[in-house]
Amino acid sequence: MIARGPLWTALAVPPVATVVANMGIGLLSRQVNDIAAFSLGIPPLVLILTLVLWVLFHKTVRQRYRGTSLAFLNAAYIFGQIIVCLSLWLGSCALFFPPMNFH
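In what follows, the accompanying structure is described.

Cut-offs and rules
- Residue positions within a chain follow its written sequence, with the count starting from 1.
- Totals for whole chains, interfaces and linings use every residue, but because this is a predicted model, local features are given only for residues with pLDDT of at least 70 and side-chain atom pairs only at 80 or more, for both listing and counting.
- With hydrogens and water excluded, all non-hydrogen atoms of the structure serve as input to the side-chain values.
- Between N-to-C directions, angles cover 0 to 180 degrees, with each direction set by a line fitted to C-alpha atoms, over the stretch in contact for helices.
- The helix count covers DSSP runs of H or I at least four residues long, the strand count covers runs of E at least two residues long, and both are numbered beginning at the N terminus.
- Any angle that is under 35 degrees is reported as roughly parallel, and any over 145 degrees as roughly antiparallel; angles of 65 to 115 degrees are reported as roughly perpendicular and all others as oblique.
- Note: crossing handedness is left-handed where the near helix turns anticlockwise from the far helix by less than a right angle, and right-handed where it turns clockwise.
- Whether two residues are in contact is decided by their heavy atoms, any of which lying within 4.5 Å being enough.
- Each residue is assigned to one class: nonpolar for Ala, Val, Leu, Ile, Met, Phe, Trp, Tyr, Cys and Pro, charged for Asp, Glu, Lys and Arg, and polar for all the others, Gly among them.
- Each patch is built from salt-bridge-free residues with over 30% relative accessible area, joining like charges within 9 Å and nonpolar side chains (Val, Leu, Ile, Met, Phe, Trp, Tyr) within 5 Å.
- Shrake-Rupley sampling with a 1.4 Å probe provides the accessible areas, and residues are treated as covered by the protein chains on show and by no other component.
- What counts as a salt bridge is simple: a side-chain nitrogen of Lys or Arg found within 4 Å of a carboxyl oxygen of Asp or Glu.
- Note on ring pairs: Phe, Tyr and Trp rings are taken, using the six-membered ring of Trp, and paired if centres are within 6.5 Å. Classes follow the plane angle, with under 30 degrees stacked, over 60 edge-to-face and the rest tilted.
- Using a 1.4 Å probe on the protein chains alone, a residue whose accessible area is under 20% of its type maximum counts as buried, one over 50% counts as exposed, and one in between counts as partly exposed.
- By definition here, charges over rings are those cases where NZ of Lys or CZ of Arg is within 6 Å of the ring centre and within 35 degrees of the ring normal.

Once that is clear, we can look at the packing of helix α1 (residues 4-29) against helix α3 (residues 67-96). Running from amino to carboxyl end, α1 crosses α3 at an angle of 20°, the nearest separation of the two axes being 9 Å. Relative to α3, α1 is oriented roughly parallel. In terms of crossing hand, the pair formed by α1 and α3 is right-handed. Counting all contacts with α1, which are made through A10, L11, P14, P15, T18, V19, N22, M23 and G26, the residues of α3 involved are Y77, Q81, V84, C85, L88, W89, S92, C93 and F96. Here the residues of the contact of α1 with α3 sort into 13 nonpolar, five polar and no charged.

Rendered as structure tokens:
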């Protein structure tokens, strides 16, 4: 049996951290000028967080899976988190930052 607490922690923390960090920078950008550029630092930080939590994910799923199944799950975790977090980052940029003024 796979422990659900560590599994959900490894799966949920990177996407939530992406949206919360971008929301914080987006709300601060309404008060402070030139802080929106800090949003570009979120994807590398979330990648580091994902790699750290990958260890927790691996320890959690290796109780049930072995061999190629475990390797596939680990690769799917990394690629899936990258795709989901980058999508959430781009969407939250559009949501929390004002549109550019080209006039």
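Here the focus is a nonpolar patch on the surface. On the surface, L47, L51, F79, I82, I83 and L86 cluster together into a nonpolar patch covering about 550 Å² of accessible area. Elements with a minimum of two residues in the nonpolar patch: α2 (42-61) and α3. Ranked by residues supplied to the nonpolar patch, first place goes to α3 with four residues. Tracing the chain through its elements places I82 in helix α3.

With that settled, consider the packing of aromatic side chains. Per the stated rule, a full pass over the model turns up one aromatic pair. Ring centres of F57 and Y77 lie 4.4 Å apart, and the angle between their planes is 10°; this geometry places the pair in the stacked category. Here Y77 lies in helix α3 and F57 lies in helix α2, a separation of 20 residues in the sequence. Taken as a pair, F57 and Y77 share a single burial class, namely buried. For the cation-ring pair, R64 lies above Y65, with the distance from its terminal atom to the ring centre recorded as 5.6 Å.

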